[in-house]
Amino acid sequence: MRPVPLPDGWGEAALFEPNETAWTDATRSYDHLGACLAWRVPAGMHGACDMERADKDVGALPAQLGVAEDGFLERWVVAESCAKTLDVPMALWLQQRGLASLTGLGIHCTKADRQVMAFCRKD
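Residues numbered from 1 in each chain as written. Predicted model: local features only at pLDDT ≥ 70, side-chain atom pairs only at ≥ 80, totals over all residues. Heavy atoms only, no water.

**A short note on the environment of Leu 86**
This is how the line gets drawn: Numbering of helices and strands starts at the N terminus; helices are DSSP runs of H or I of at least 4 residues and strands are runs of E of at least 2. Throughout this description, buried means an accessible area under 20% of the type-specific maximum (1.4 Å probe, protein chains only), exposed means over 50%, and partly exposed covers the range between. Should any heavy atoms of two residues lie within 4.5 Å, those residues are considered in contact.
Within the secondary structure, Leu 86 is located in the loop between α2 (72–85) and α3 (90–97). Note on Leu 86: relative accessible area 26%, which makes it partly exposed. What Leu 86 contacts, discounting residues up to four positions off in sequence, is Trp 93, Leu 102, Leu 105 and Lys 122.

Below, the structure written as structure tokens:
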């Protein structure tokens, strides 16, 4: 387990290797190699997280979505964490908003080790 620094008031997060057991009382996201990001959202808040490896091959997705490849993963994990927070399927989110986040939600995006991570919360 490797702690992930978060701003004050954002709870606790950590990265877990594929062979480690992540916190069961946390919202979680897994990268394509099985690593887990676990986030204990502060009491009274609803939230979700998303994570991708920074070296992930994104293929044709940026071109298909009409966005630049540079910064794509950051925008993707933010959009996915927003969609999860609001219980919207990602395919529908992409249809309605593309990779745009939603104002009114708290969003924190960071990189640690080889992962790009986003945390989204609704107070």
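**Let's talk about the sheet that holds strand β4 (residues 36–40)**
Threshold: Each pair of strands is called paired provided DSSP finds at least two bridges between the two strands. Angles run from 0 to 180 degrees between N-to-C directions of axes, and those axes are lines fitted to C-alpha atoms, restricted for helices to the stretch in contact.
Ordered in space as β1-β2-β4-β3, the four strands form an open sheet in which the pairing is antiparallel. Edge positions in the open sheet fall to β1 (2–4) and β3 (27–30), since each of these has one partner strand only. When the angles between neighbouring strand axes are averaged without regard to direction, this sheet yields 25°. The sheet contact formed by β1 and strand β2 (residues 12–16) spans three bridges and is antiparallel. Residue pairing in the sheet places Arg 2 in a bridge with Leu 15 of β2.

**Some points on the environment of Ala 48**
Mapping Ala 48 onto the fold places it in strand β5 (residues 46–53). Relative accessible area serves as the criterion here: at 4%, Ala 48 is assigned to the buried category. The spatial distance from the C-alpha of Ala 48 to the C-alpha of Arg 28 is 7.5 Å, given a sequence separation of 20 residues. If we ignore the near neighbours within four places in the chain, the residues touching Ala 48 are Thr 27, Trp 39, Ser 81, Lys 84, Thr 85, Ala 118, Phe 119 and Cys 120.

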